[in-house]
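The residues making up each chain are set out below.
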Amino acid sequence: MIRSAFWLILLLLCATLAIPALLTAQTTGKIAGTVKDAASGQPLPGAVVVIEGSKLGAAADIEGSFFILNLSPGVYTLQIRMVGYESMSIRQVRVSVNRTSEITARLKATVIKGQEVIVTADAIEVKKDQTSSVRNVSADKIEKLPVESLSAVINMQAGVVAGHFRGGRSTEVSYLIDGVQVDEGFSGSGRAVSLEAEAIADLEVITGTFNAEYGRAMSGVVNAVTKEGGNQFHGSFSSSLANYLTPHDDIFIGLNSGRPGLNLSQDYKFQLEGPFFRDKLSFFINGRYQDQNGYLNGIRRFNPWDYSDYSAEDPAEWHIEHTGDNKYVSMDHSQNLSLMTKLAWNATSRIKVTGLYTLNDDMGQGYSHGYKYNPDARGFSFHTAHMGALQLNHMLSQKFFYEVKLSHVDNRYKSYRYENPLDSRFLHGKYYGSGHSGFATGGIDGPGRSMSFYKDSNLKLDATWQATKHHAFKAGLHGIYHDIDQDRIDVRNKWSGTAEENLPVTDANGKITFPYYELEIVPHTPKTMGIYKKQPYEFSGYLQDKLEYNEMVVNIGLRYDYFNPDQVYPTNRRNPSNQLNLPDSMLTSYKRAEPQTQLSPRLGLAYQLSDQAVLHFSYGHFFQMPPMYALYENNIFRVPVGDYGTTMGNAQLNAQKTISYEIGVWQELTKGMGLELALFYKDIYDLLSTMVITTYNQIEYGLYTNKDYGNARGLEVKYDFTMGRLSANLNYTLQYTKGNADNPQQTFTRAGSSMDPIRRLIPMSWDQRHTFNATVNYSDPHYGATLTGYYNSGTPYSFSPMTESPLSLINLYQNNDYKPAGYTLDMTSYYDITVWGKQKVRLTLSVYNLLDRLNANWVYSDTGQPYTTIVREAQLATHRSDFNDYYDRVKNPTAYSSPRQVKLGMGFVF
């Protein structure tokens, strides 16, 4: 009933507005410009401008101006004709999503019919409407990069440091596919739907301020526009194998064991596009399947049913069972299936309908150092995501078009060892073993199953009106209905609490078992925590004007956001679930949380300083609701009997707020060479935090609230160079990021550990001072190669001195030192062998971490180094084992990033 009412209200609101629109980005761009007489500089009204190979075009007005709206991202050729003048073809006119490509055509008078001049568009025409830091990465650029995923392309951009956009938390970024938001809203980090890089036509990465059309983000926006089929059939299929080539097998055990397939990764890709009916109905299909074995291995010395006891000081009294085969086992395994299909129907010359479906199906087992010698004990994680989207694009006139988008995302997570929670292969917890070896010598991940289901239904309407030559209006509405289902299956041992529960039984061969273990499902009750269903909903709208003049572009806008959490809250936080028998005045009641609303002004300005330089400035207020787990965690408001036993969700949370400023300049140094500088600063208020609440019986627990603060400032430098078949891209980020907490739980965790609260701004754990990325590419019609280098100066960690050091007497704040710097060089190359016509076989070679650099993922707090910590004699004395020493605990290979990996592939392209 609530859901039906939500959509009805939203549709009525849309119907009452003069201009329908949506919250999020469009998926099209625009070409605009003027046609002039080359000799006099006078405008040429009536000149015809046509996009080659299409029916799209425009005629120049009395001032010689023209524009063509609603263009898909890509590279176009413009043909310009005027009676009495030479025709002109302007090639390499690149259109990017939400951008205007400005063209100035100067035609020469002639009396010779059919004479044509061919020119190439200038880079300045693409940059002059950039009012903030935006990076548009086209499909041809993505194809040349040595990357395996879209995330890798995003992380290469200036301002993106250790996965964070301009110093914000990782939850402050919004991800879109064809203008549809696909954020994983419950945890707040990442996206629910993933696409392959080969399926992207244009990738828009905004690290600076962004226009009013964008919402639900404070630090950055990523908008991926997918490819469509055309009037010709094209396709490809490829298969590749990857493995590791490194001398560091003392760290990464098993990599040079000679066992076939141990760390082998297989990668299969296919793509097909073409017409069902020429100029009417086309299709695009992209798919990928990966079976990956990472660089982290274990040794199967123990099986889960083994039991060992190393607790005795005398080794003669140890009980040891190890029935494993002592083979190396991959402990970093995953299988991933990705599929995208898209249909595009040109119903008429002005109406276009597209349908999109995506599937992600992932399974993985991650490395756990404690299971190094019992690798079969680990559980599995599963993720499945379906997305369906339908879009109508209607061009009402040359100046006005609108889009209607419907989408649904079904996102599911599960984790378990065996699918049946009562599976007989589950074992008693005693099988983990006794003693001080530091590793599991038996046992298996516990029974039960966790399940999370998140569904988002979207309705969006978007319109663009080029009211005059200088004013392009956008306005919009967007509604999202969320469906959250948190569930799990709990089990228990029927013998739990009995005298027999932990009794061992020894057979004639000396094998010890724990037979009193029989599982049963624990039924859910109203007092079961963490099980709930919620249906929050939100909608938003914006109005924006893009003012375009010869030397200046201004984006000005205002957006409105509304969020209803669909949740109640206790009126008395000191007795939130009435567990205490107290007078009526000290009891709690439950009220429905009020909706949250925000108004956000946005302003961006770009000024053309010369024919080769553009200055931009932008300012904006950006709001984002905290991740939804912070609203609903511990939904029954029960407080455990011990201190710091729970953190409670808070439906009264406010939206987090960022106020951001940016100024930058782009300069064309010479033909094909550009340099861009940007300075930024932002204040981040009302960040998600946790406060400590004390109940009437003096039990302390956590409550999510808006208390944290942070700020970030920095400099971004981008350099682009293209000369024939050689191109280079370099970017550098200098950044300072501070705040009072790394994550929402930090304040609560410190209080629970009896640590002083942080009363000043400290560096955040992603406060990397220097980040440098460089890519050099050479491409020939038959072969090409790309080198990409990364340098990171290191992120902070919390140094903890030895107790013997005088520094241990000082209350050191977190993140007081920096990890070692790291660098990586990746390479990819291809060679095409023509088979017949346009059909070719493509051979590929990619090498990741070409120099086999050991880069630190994490470090020990006492040394600031990976893989190395200070070990005392007392620790060595307590270690008891017949298969390893104490240092085996310390030497955790996850401290280092992946060693050199070589990938060979062969494919067929037609």
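Residues numbered from 1 in each chain as written. Predicted model: local features only at pLDDT ≥ 70, side-chain atom pairs only at ≥ 80, totals over all residues. Heavy atoms only, no water.

## Observations concerning the overall build of the protein chain
Okay, so step 1: In terms of regular secondary structure, the protein chain is built from eight helices and 49 strands.
Okay, so step 2: Against the globule reference of 29 Å for 910 residues, the protein chain gives a C-alpha radius of gyration of 30 Å, in line with a compact fold.
Okay, so step 3: With the C-alpha coordinates of the protein chain rotated into their principal frame, the extents come out at 110 × 75 × 60 Å.
Okay, so step 4: Scored against the burial criterion, the 910 residues of the protein chain give a buried share of 52%.
Okay, so step 5: A separation of at least 24 residues holds for 72% of the contacts in the protein chain among residues at least 6 apart in sequence.
Okay, so step 6: Of the charged side chains in the protein chain, 84 are positive and 90 negative, and the gap between their average positions amounts to 5 Å. (Helix = DSSP H or I, 4+ residues; strand = E, 2+ residues; numbered from the N terminus. Rg over C-alpha atoms; globule rule 2.2 N^0.38 Å. Buried < 20%, exposed > 50% of the residue type's maximum accessible area, 1.4 Å probe, protein only. Contact = heavy atoms within 4.5 Å. Lys, Arg positive; Asp, Glu negative; His and termini not counted. Charge placed at Lys NZ, Arg CZ, Asp CG, Glu CD.)

## A look at the pairing of strand S48 (residues 839-848)
Okay, so step 1: Bridging between strand S47 (residues 822-836) and S48 involves nine bridges; their strand directions are antiparallel. Across the sheet, the residue bridging to Met827 is Val847, located in S48.
Okay, so step 2: Where S47 folds back onto S48 in an antiparallel hairpin, the turn is made up of two residues, including Gly837, whose phi is positive at roughly 60°.
Okay, so step 3: Pairing analysis gives nine bridges linking S48 to strand S49 (residues 901-909), with the strands arranged antiparallel. From the neighbouring strand, Ser846 faces S49, where its bridge partner is Lys903. (Pairing = 2+ DSSP bridges.)

## Considerations on the environment of Thr786
Okay, so step 1: Examined against the element boundaries, Thr786 turns out to sit in strand S44 (residues 783-792).
Okay, so step 2: For Thr786, a relative accessible area of 3% translates into the label buried.
Okay, so step 3: Taking the C-alpha atoms as reference points, Thr786 and Asn286, 500 residues apart in sequence, are found 24 Å from one another.
Okay, so step 4: Beyond its immediate stretch of four places on either side in the chain, Thr786 contacts Lys144, Pro146, Thr775, Val776, Asn777, Asp826, Met827 and Thr828.

## Looking at the pattern of salt bridges
Okay, so step 1: Under the criterion given, the structure shown has 38 salt bridges.
Okay, so step 2: Where Asp566 meets Arg592, a salt bridge forms, and the shortest distance between an N and an O atom there is 3.3 Å. With Asp566 in the loop between strand S32 (552-564) and strand S33 (568-570) and Arg592 in strand S34 (residues 590-592), the pair connects residues that are 26 residues apart, well separated along the chain. (Salt bridge = Lys/Arg side-chain N within 4 Å of Asp/Glu carboxyl O.)

## Some details on the nonpolar core
Okay, so step 1: Grouped together as the largest cluster of nonpolar side chains are 32 residues, with contacts concentrated most on Leu203, Val222 and Met387.
Okay, so step 2: Taken together, the elements giving at least two residues each to this core come down to helix H4 (150-155), strand S12 (173-177), strand S14 (200-206), strand S15 (220-226) and strand S23 (380-397).
Okay, so step 3: Beyond its immediate stretch of four places on either side in the chain, Leu203 contacts Arg135, Asn136, Val137, Ile142, Leu150, Val153, Ile154, Val222, Asn223 and Ala224.
Okay, so step 4: With 23 residues, the next largest nonpolar core counts Tyr244, Val491, Phe514 and Tyr867 among its residues. (Core = buried A, V, L, I, M, F, W, Y, C linked by side-chain atoms within 4.5 Å.)

## Focus: the environment of Arg301
Okay, so step 1: One can find Arg301 in the loop between strand S19 (297-299) and strand S20 (328-330).
Okay, so step 2: When the C-alpha atoms of Arg301 and Thr894 are compared, they prove to be 20 Å apart, with 593 residues separating the residues in sequence.
Okay, so step 3: Beyond its immediate chain neighbours, meaning those up to four positions away, Arg301 contacts Asp306, His322, Thr323, Gly324, Asn326, Tyr373, Asp882 and Phe883.
Okay, so step 4: For Arg301, the side chain forms a polar contact with the side chain of His322, separated by 3.5 Å. (Polar contact = N/O pair within 3.5 Å; in protein donor to acceptor, adjacent residues only side chain to side chain.)

## Digging into the environment of His621
Okay, so step 1: Of note, His621 is situated in strand S36 (residues 613-624).
Okay, so step 2: Of the residues examined, His621 reaches a relative accessible area of 13% and is grouped as buried.
Okay, so step 3: Put simply, His621 and Tyr661 are 40 residues apart on the chain and 9.4 Å apart in space, counted from C-alpha to C-alpha.
Okay, so step 4: Contact partners of His621, with chain neighbours within four places excluded, come to Ser600, Pro601, Arg602, Lys657, Thr658 and Ile659.
Okay, so step 5: Of note is the side chain of His621, whose polar atom sits 2.5 Å from the side chain of Tyr619.

## Points about the pairing of strand S6 (residues 87-95)
Each regular strand displays side chains that alternate between the two surfaces of the sheet.
Okay, so step 1: The pairing of strand S5 (residues 74-81) with S6 spans six bridges and is antiparallel. Opposite Gln79, over in S6, you have Ser89 as the bridge partner.
Okay, so step 2: The turn joining S5 and S6, which pair antiparallel and follow one another in sequence, is formed by five residues; a positive phi near 90° is taken by Gly84.

## What about the side chain of Thr788?
Okay, so step 1: Locating Thr788 in the fold gives a position in strand S44.
Okay, so step 2: What makes Thr788 buried here is its relative accessible area of 0%.
Okay, so step 3: At 3.2 Å, the side chain of Thr788 and the side chain of Thr775 are in polar contact.
Okay, so step 4: With residues up to four places along the chain from it excluded, the contact list for Thr788 reads Pro146, Met156, Ala774, Thr775, Thr824, Leu825 and Asp826.

## Focus on the packing of aromatic side chains
Okay, so step 1: Tallying each qualifying case throughout the model produces 33 aromatic pairs.
Okay, so step 2: Where Phe210 meets Tyr214, the ring centres are 6.2 Å apart and the plane angle is 80°; that geometry is what we call edge-to-face. For the pair shown, Phe210 and Tyr214 are each scored as buried.
Okay, so step 3: Taking the centre distance of 5.3 Å and the plane angle of 50° together, the rings of Tyr644 and Phe748 count as tilted. Taken as a pair, Tyr644 in the loop between helix H5 (629-632) and strand S37 (647-648) and Phe748 in helix H6 (residues 746-752) lie far apart in primary sequence, 104 residues in all.
Okay, so step 4: Residue Phe748 is classed as buried on the basis of its relative accessible area, which comes to 7%. (Phe/Tyr/Trp six-rings, centres within 6.5 Å; stacked < 30°, edge-to-face > 60°.)

## Quick notes on the sheet that holds S14
Okay, so step 1: What the five strands build is an open sheet, ordered S9-S14-S15-S12-S13; its pairing is mixed. Single-partner strands in this sheet number two, and they are strand S9 (134-138) and strand S13 (180-181).

## Structural notes on the sheet that holds strand S7 (residues 100-107)
Okay, so step 1: Spatially, S4-S1-S7 is the arrangement adopted by the three strands of the open sheet, whose pairing is mixed. Taken across any chain shown, the strands that pair with only one partner, and hence form the sheet edges, are strand S4 (65-71) and S7. Taken pair by pair, the neighbouring strands of this sheet meet at an average axis angle of 20°, ignoring direction.
Okay, so step 2: Bridge count between strand S1 (residues 29-37) and S4: five bridges; the pairing is antiparallel. Residue Ala32 lies in a different strand from S4, and its bridge partner there is Phe67. (Axes fitted to C-alpha atoms, helices over the stretch in contact; angles between N-to-C directions.)

## With respect to unusual backbone geometry
Trans is the prevailing form of peptide bonds, just as negative phi is the prevailing case for residues other than glycine.
Okay, so step 1: Notably, Asn98 is not glycine yet its phi reads approximately 65°, a positive angle.
Okay, so step 2: Tracing the backbone through its elements, the reader meets Asn98 in the loop between S6 and S7.
Okay, so step 3: The backbone phi angle of Asp178 is positive, close to 55°, even though this residue is not glycine.
Okay, so step 4: Looking at where Asp178 falls in the secondary structure, it is placed in the loop between S12 and S13.

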